[in-house]
Amino acid sequence: MLKNYEIRKYQMPQEEIKALIKEKREELFCQQQLIKEHKLPVFVLIEGWGAAGKGTLIGNLIKELDPRFFRVINMDVPAEKNTRKPFLWRYMETIPEAGKFVFLDSAWLDETAEDVIKKRIDEETLEKRMQQIRTFDRQLKDNGYLVVKLFLQIPEEEQKKRLDKLMDTKDTKWRVAKKDIRQMEKRKQYEDVFDRILEATNTGYVPWNIVDAVDKKQALLQVLHILTNQINQAVENSKVLPEILHKDYPLLKMPKLSEVPLNQEMTKEEYQIQLKTLQKKLKKLHNKIYRKKVPVIIAYEGWDAAGKGGNIKRLTSALDPRGFEVHPIASPEPHEKARHYLWRFYHRLPKDGHIAIFDRTWYGRVMVERLEGFCSENDWKRAYNEMNEFEKELSDWGAVVIKFWVHIDKDTQLARFTDRQNNPEKQWKITEEDWRNREKWDVYEEAIDEMIAKTSTENAPWYIIQSNNKYYARIQAIQIVIDEIEKKLGNKRPL
């Protein structure tokens, strides 16, 4: 894309350019109200050569905008805490709320190019990363985002002239980073890498826009045209439903809930003996995953009163409290609801070597949100593939991903509901919503069967925990966690 791009010589008078810039700025200012009304989040990525004028461009773009409804974020070299998360984590963290702008000064193109040049990633990792970027772009678009990607192009001699000028005085020398000097010294190598990544991530749904940045006013006018046109187009197309993708993930054959036996027995004495042994083993494994920087993500779903809380409590009792966190997931807060539905789960991912336990998960999209009408049919049907993609990214990062459905039958649930209702110390555990959900058992069971069948992958398998007997369920879950961690560490053959 860069190699074939020709810098054009413009003959337009400066006064005419200024008049057009003013006109387009006014249009962009008016569009702020438009994107608020349509709840359109606008994510603008500004990449380019060092000294191409990214900062100046952003400053000129936001000049007339209401500062309450935009953010400018400088995506500098990743901090140590960010390198311990999945590659796209810090970019997902920055996505705007509905009706607002976010402008990123450099993003994953710049970071990936640096990783390639410095040989921090190999060819296989680069290919995976470019696929993750394409997926990320598509998911944002499908979930209602406008993603505008810009690359500021200047020729080598122009870049050198600008860097020399900045280096010439003390007051501006600090603005020249080591990376900028490195780009000049290895310009051809950088151009090859930039070109490859641009080509690989230039898609019909989120294309790259190459901007001639030799003349800064002309560059601003070009970007204003791109941005205002794409906002108008996004608003016009906002009612067009995204395609529902069905990618060929390696799915595991799973039974329906009605086929799972729930007659297991275990005495309290047997339970206590096994629990002590397994917790001791898990404690040792926790030390190993910390040392080897292996992240572990455990997702709990299940029927109300199935015993998720008790199960989690026995699991965490074996862990170092500094190395895990339990995330109870309730209805999304307003700032969460205003973003991509996976945002609040990305936000809670663990550092490598740590464990995150989710009490309720992203699968609410295809259960409660589906059945209660909190999202459209297109939304929840797309979500199966989106969640498989999310979990594949976690697996590629190196995480152990374990998903539990804690299962009981209707009679056991009724007995536990009744016990809670009649026991003053347990009444806080039972709500009217629990009783109402119970009436929808059959439709929920159908949705759960579909969810498990479509999202139990080799990367992130579902395990159905048989929980009519709570002792048995707790031992079953801890044993599975141990087996999966040992498999990851290479100490045990796959189940």
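To be clear, the structure that these remarks concern was listed above.
(A) View of empty space enclosed by the protein. According to the stated counting rule, one finds two cavities of 30 Å³ or more in the structure shown. Forming the walls of the largest cavity are Ala52, Gly53, Thr56, Leu57, Asn60, Leu152, Ala213, Lys216, Ala219 and Leu220. Mapped by element, the contributors of at least two residues to the lining of the largest cavity are α2 (54-61) and α11 (216-236). For the lining of the largest cavity, the per-class residue count stands at six nonpolar, three polar and one charged. For the second largest cavity, the calculated volume is near 30 Å³. Forming the walls of the second largest cavity are Arg138, Asp142, Glu243, Ile244, Leu245, Arg382, Asn385 and Glu386. The element that contributes the greatest number of residues to the lining of the second largest cavity is helix α17 (residues 377-397), accounting for three residues. Here the residues of the lining of the second largest cavity are counted per class, giving two nonpolar, one polar and five charged.

(B) Seen up close, the nonpolar core. Of all hydrophobic cores here, the largest spans 91 residues; its most connected members are Trp108, Ile298, Trp362, Phe404, Trp405 and Met451. It is helix α21 (residues 470-489) that contributes the most residues to this core, nine residues altogether. What Phe404 contacts, discounting residues up to four positions off in sequence, is Ile298, Ala299, Tyr300, Glu301, Trp462, Tyr463, Ile465, Ala477, Ile480 and Val481. Ranked by size, the runner-up nonpolar core spans 52 residues in total, among them Ile58, Leu61, Phe103 and Leu221.

(C) The environment of Ala399, seen in detail. Relative to the helices and strands, Ala399 resides in the loop between α17 and β9 (400-407). Judged by relative accessible area, which is 6%, Ala399 ranks as buried. The sequence separation of Ala399 and Gly353 amounts to 46 residues, and the corresponding C-alpha distance is 9.1 Å. Apart from the residues within four sequence positions on either side, Ala399 is in contact with Pro295, Ile297 and Leu394.

(D) Highlighting the side chain of Asp449. Structurally, Asp449 can be placed in helix α20 (residues 441-455). The side chain of Asp449 sits in the buried core without any salt bridge; Lys256 is the nearest counter-charge, 5.4 Å away. Look past the residues within four positions of Asp449 in its chain and what remains in contact with it is Lys256 and Leu257.

(E) Seen up close, the pairing of strand β8 (residues 355-359). Counting buried positions over the five residues of β8 gives four, a clear majority of the element. Sheet topology note: the strand β6 (residues 296-302)/β8 ladder contains five bridges and is parallel. Counted as the bridge partner of Tyr300 is Asp359 from β8.

(F) Just the sheet that holds strand β5 (residues 208-212), in detail. Taken together, the five strands give an open sheet; going across it, the order is β2-β3-β1-β4-β5, and neighbouring strands pair in parallel fashion. In this open sheet, the two edge strands, each paired with only one partner strand, are β2 (70-74) and β5. Taken over all neighbouring pairs, the strand axes of this sheet differ in orientation by 20° on average, direction set aside. In terms of strand pairing, strand β1 (residues 42-48) meets strand β4 (residues 146-153) through seven bridges, oriented parallel. Looking at the pairing, Phe43 lines up with Val147 of β4.

(G) Region of the structure containing the sheet that holds β6. Reading across from one edge, β7-β8-β6-β9-β10 is the order of the five strands in this open sheet, with parallel pairing throughout. The sheet is open, and its two borders are formed by β7 (324-328) and β10 (462-466), each paired with just one other strand. Each strand of the sheet is rotated relative to its neighbour by a mean of 20°, with strand direction disregarded. Where β7 and β8 come together, five bridges link them in parallel fashion. Bridge pairing links His327 to Phe358 in β8. This element, α21, spans β6, β9 and β10 of the sheet and lies at about 155° to β10.

(H) Representation of the side chain of Asn209. On the secondary structure map, Asn209 appears in strand β5. Accessibility expressed as a relative area gives 14% for Asn209, which makes it buried. Not counting residues within four places of it along the chain, the set of residues in contact with Asn209 comprises Val148, Lys149, Leu150, Phe151, Ile226 and Gln230.

(I) The arrangement of helix α6 (residues 123-142) in detail. Taking 1.5 Å as the rise per residue, α6 with 20 residues should run 28 Å; its terminal C-alpha atoms sit 29 Å apart, in good agreement. Looking only at α6, the buried set comprises Leu126, Arg129, Met130, Gln132, Ile133, Thr135, Phe136, Asp137, Arg138, Gln139, Leu140 and Asp142. Backbone geometry just after α6 places Gly144 at a positive phi near 95°.

(J) Representation of the packing of aromatic side chains. Applying the stated criterion across every chain, the model contains 23 aromatic pairs. Measuring from ring centre to ring centre gives 5.4 Å for Phe151 and Phe194, while their planes differ by 65°; the resulting arrangement is edge-to-face. With a gap of 43 residues between them, Phe151 in strand β4 and Phe194 in helix α10 (residues 187-200) connect regions that are remote in the sequence. Under the relative-accessibility criterion, Phe194 is labelled buried at 1%. Aromatic side chains Tyr271 and Tyr471 sit 4.5 Å apart centroid to centroid with 20° between the ring planes, which places their arrangement in the stacked category. One end of the pair, Tyr271, is in helix α12 (residues 268-292); the other, Tyr471, is in helix α21, with 200 residues separating them in the sequence. Of the residues examined, Tyr471 reaches a relative accessible area of 25% and is grouped as partly exposed. One aromatic cluster is present, built from ring pairs that chain together Phe345, Tyr346, Phe358, Trp362, Tyr363, Phe390 and Trp462.

Reading the values: rules and limits
- Residues numbered from 1 in each chain as written.
- Predicted model: local features only at pLDDT ≥ 70, side-chain atom pairs only at ≥ 80, totals over all residues.
- Heavy atoms only, no water.
- 1 Å grid on protein atoms, 1.4 Å probe; cavity = no way out; pocket = protein on both sides within 12 Å on 5 of 7 lines; lining within 4 Å.
- Points joined across faces, edges and corners; volume = space filled by probe spheres on them.
- Helix = DSSP H or I, 4+ residues; strand = E, 2+ residues; numbered from the N terminus.
- Nonpolar A, V, L, I, M, F, W, Y, C, P; charged D, E, K, R; others polar.
- Core = buried A, V, L, I, M, F, W, Y, C linked by side-chain atoms within 4.5 Å.
- Buried < 20%, exposed > 50% of the residue type's maximum accessible area, 1.4 Å probe, protein only.
- Contact = heavy atoms within 4.5 Å.
- Lys, Arg positive; Asp, Glu negative; His and termini not counted.
- Salt bridge = Lys/Arg side-chain N within 4 Å of Asp/Glu carboxyl O.
- Pairing = 2+ DSSP bridges.
- Axes fitted to C-alpha atoms, helices over the stretch in contact; angles between N-to-C directions.
- Expected span 1.5 Å × (residues − 1).
- Phe/Tyr/Trp six-rings, centres within 6.5 Å; stacked < 30°, edge-to-face > 60°.

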